[in-house]
Each structure stands twice: as C-alpha cells, then as structure tokens.
Amino acid sequence: MPAKRILILDIDGLRRDVFAQSLDDPAQPALQTLMGDASRRLVLDPLSTAPSITFCAQSSMFTGRHPADHGVIGNQFFDRFGRYENRGPKFYAFDVGDLLAVEDALRIYQDSDGLLGRIYPAGVTTLHEHVRARGKRSATVHHMVGRGADVWIKPDLIQIARAVKGGGLFGLEPSAFDSEMTDKAIALLRSGDRPDVLTLYFLGLDQHSHHNGPGEQLAYMRQHVGPPLARLVATLELLNLLEDTLVVVASDHGQYATPSDTRHSLRLSFPFDRELAHVFDSLGLDVHDYPGESPDCDAVVASNGALAYVYLRRPGHPWATPPRFETDVRRVAKAFWDAHLTGAHSDELRGTLSGILARDVEREGWAAPHQSIDSAGRLHVLEDAFATQEGHTVVQAARRLRASQSDLSPDLVLLSNYTEGFYFSPPLLGMHGGLHPDDSGATLAFGFAKVGDPAPAAAVLHAVEHAIMARSRAEDRAVSVADLTTGVLAALDA
Ligand SMILES: [Zn+2]
C-alpha cells in the first residue's frame, strides 16, 4: 500500500464552508501541513444522514452503512420491539436528553463493544473490523464506535459521570477535553504503537457551536483545534511518521444558527416547558415524559434537533402491535397540525412546524414508508412533498429519509419550522438534525501530508475518489458521510 498509514481527524459538527476556509487560513498551518499540497487533495461535499445528528451519522461514517442498516436512527429513538437488548421496549437517548437517560450515555464506552457495537445488527461491520480483517491495526481515541479496534482509548468515566450530573460537558471545557484526547493519541504513538488506521474524535467544536452559534466555528478551529493539531504534527515529524500518511478530515453534520430561548426550544419533559406533552395530555394519552418512567404508556417522543420522532401505541396492546392508522396515528398528526395552525392543545406550538410525516403500519406492515401528511390528513409521497423545497430548505430529503427507514421508525416525524428557528432541544444558538443544507452538509477530505513519490499517492487518491463515486452512483445519491468507510477501505486496498 502506498499510504503507509491513515490518520482520521473526525471533527464533530464541522461545517463544510468552515473547513474550506480553514484550508486556506494562514492561522491554521497545522491543518494545511496535514492535508498537504492542494493539488493532491480530494475534497468531497458529503451529506449527513437524516436526522443529521451525531450518533446516527457517526455510525454511518464508521460502518459505511445507512441508518436503516445499522439501526441507530437518531441520538434518541425507541426500540418498540425490545429487540436490541432483549429486555422489553426501550427508549434510547445517547445524548442524555430531557429524560436524563444517564445510563445510556455511560454505556456508550462500556466493555469492548460499547453500546453502539451491541446495537448494530449481525452483518454490520465496523471500519475497525474491516481494517483487522485485512491484517492491519486500528486505534481510535474517544470515538463512540470502538467495536473491533485493536486499541480503543475511551474518555474517563469519571468525566462522563460529572457531565451527566452537572449537565455540562464532562465537567471540562470542550476544548480542554479535545486537547487531552489529542495528548492520549500522541502518547500512544510515542509508546511505539503504529496503528495502520488511527482515529481522533474532536467533540468540542460541535458543543461550542451549539452554545455560541455556528458563526464561531472558524475562530474555534483557530484557537482550539489548531494547537492540538500542531502538537500532533510535531510528534508525527519527530517520529518520522508524516511521510506517506493519508490524512482524512471528516465531520458528521453541520449546524445552522438558532435563537436560544424557551420560545424556540420545544421540549417534552418535566420540569421544562412541556409544549409537546400538552398535545398528548389534551388527547388523553399518557406520554413518556418523566425521567425513569417505563415506556408502559401511550406515546414516546424522541427529540433529534430539527426532527422529533413520535411513537404511538395501540391502547391496551403491547408496543409490538401496529397502532391503528385512523384512531391512533392520524388523530395525533391532526392534533399537532391544529396546534401549529391555531394553537389548539398547546398555544406555544403555534407556528412551530414545517411538516409532519406519517406511516400506515396497520395496513402496510412495519416496512410501511413514511409519507407527508398535510393538515387535512391527506398523504403525499415524500418526493412530491419536498419537491418545491428541494435545494432551498431541504437537500435530498426524501432519499435520505428513506435510507433511515426501518421497522423501528416512528409512526410520526415532526419537522420543525427552520425558517422561524424552532427546534426540539434545550435552548441553543446552533442546531442540526434536520434536512436543511446548513446542517446536512458535512466534511470529507483526503490528503497526503508529505509524499515520497507523488505517483503512488495520486493513485491512492484516485482509488478513493473512484470507489466513492462508483458507490454513490450505484445508490443514486449524493456523496454521503457513510462514504468515509468506502474511501478508507479503498485506500487500504489500493
Ligand atoms: Zn455530531
């Protein structure tokens, strides 16, 4: 292999325009060193998953599969069949969420598989497992997908616990957390370990951008990503590891700016404003809205930034029984439309939605596709429903939603009103999760820091590009975050 090793820098939430600016930014010399000569770079513009949210998109990046296949269809979702852990229906919230699902957050890094590694169904192979199957060595630092890695360096559990208690991020500034992460990677290399594929996961930029707005991303790259990258470059140079290293910079999604106030922040749970719960209350439905409450109720809501998933139970039946379309599903869709249009059921929901998707599992079974349901209760195929918005407020929306659809998909999907800045999350200045170009656009770029012989390096980049373009064409879609694995494997096999 002409690439002696591969270094993946996974920068959570990095917008593609900020990455493009950073590549030409004199204040970020380490990034330029790592990505090498501009004539030797391959910069792609991938789209995130739907929802454009971390655990869903990162799972696609590091398995190469779409969400329908790997099963992690959001940061939050509901396993109504109790399939994943054989212990009954279970609500998952990897991001902790309004319901303070602390246990899930802690279990992400548990054991050698981690929670995600236990959720991926048989037949889903992680990038690390692909690397090992080739007789090569994979190491990853702080990333949530670690199954199959020879070395999985995890965050300190004490830091995670502190985070969960304090409601902040690991009790540390996100930048300090990433700085420590980089030092762990540096220590691994200094110890003499030579992974063929090394992944560094930077979570701080996304956190900073949520709290300060996506307009602060470039400044954060300069101040807080640049210095650890400079230390990494110095170490690679010192250990003579820079030459013939293929460097990959990738992100899972972008972000768009939102107003940070309770009006625009739509929430479900006690003790916060219960805008969403009022709708269920007024229909006499018991919604899963107290921390620790069992999902033995009529409705479960999973909040994924710009999208919310609504799961509905046929009253008196187990969750695995299909809900009745008219009585259980269409009725709740209508109540949300009424709330949006007139403030009925929940005055704070007036003007907050841009659309609702529904599926008729009662008639079509668990593979029933989502359709758009309008305020009169009429159904429209997704392609038609999104056609007028394509390229403006959504990008490849129908296609990406279909790639996330499985039998575990929700009965309803609520789409927040982007234009007016509404979202299903605590109040924040930056958001993602939706189908909008600003949160759907992600980063994927390949470059050689330093090459011995330019011809083999060019051949590797050509192989990467060819593999990604061939797969995208075969699947009739734009380049996706799932193509990270496609590209890395093509480089290993070149
Ligand atoms: Zn993310």
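Every value quoted in this text rests on a predicted model; they were computed, and no experiment measured them.

Side note on the domain arrangement of the protein
Then step 1. Per the domain assignment, the segments of the protein are domain 1 (5–72 + 120–255 + 437–493) and domain 2 (275–427).
Then step 2. The C-alpha centroid of domain 2 is placed 33 Å from the C-alpha centroid of domain 1.
Then step 3. Listed as interface residues are 14 residues of domain 1 and, on the opposing side, 14 residues of domain 2.
Then step 4. Ranked by residue count, the leading element in the side of domain 1 that touches domain 2 is helix H17 (residues 437–440), at three residues.
Then step 5. Within the side of domain 1 that touches domain 2, the residues separate by chemical class into eight nonpolar, four polar and two charged.

Some details on the sheet that holds strand E11 (residues 307–312)
The pairing of strands in a sheet comes from backbone hydrogen bonds and takes either a parallel or an antiparallel form.
Then step 1. Pairing is antiparallel in the open sheet, where six strands are placed in the order E10-E11-E15-E12-E13-E14. Strands at the two margins of the open sheet, each flanked by one partner only, are strand E10 (299–304) and strand E14 (379–380).
Then step 2. Relative to E11, E10 is paired through six bridges, and the arrangement is antiparallel. Paired with Val-300 across the strands is Tyr-311, a residue of E11.
Then step 3. Each of E11, strand E12 (353–358), strand E13 (371–373) and strand E15 (412–416) touches helix H13 (residues 325–342); the most contacted strand, E12, lies at about 175° to it.

Re the sheet that holds strand E5 (residues 138–141)
Then step 1. Spatial strand order, E2-E17-E8-E1-E7-E5-E6: seven strands in an open sheet with mixed pairing. Of all strands in the sheet, those bounded by a partner on one side alone are strand E2 (42–44) and strand E6 (151–153). Across the sheet, the mean angle separating the axes of adjacent strands is 10° when strand polarity is ignored.
Then step 2. Where E2 and strand E17 (residues 444–448) come together, three bridges link them in antiparallel fashion.

So, how was this worked out
Residues numbered from 1 in each chain as written. Predicted model: local features only at pLDDT ≥ 70, side-chain atom pairs only at ≥ 80, totals over all residues. Domains from an automatic or database assignment. Contact = placed C-beta atoms within 7 Å. Helix = DSSP H or I, 4+ residues; strand = E, 2+ residues; numbered from the N terminus. Nonpolar A, V, L, I, M, F, W, Y, C, P; charged D, E, K, R; others polar. Pairing = 2+ DSSP bridges. Axes fitted to C-alpha atoms, helices over the stretch in contact; angles between N-to-C directions.

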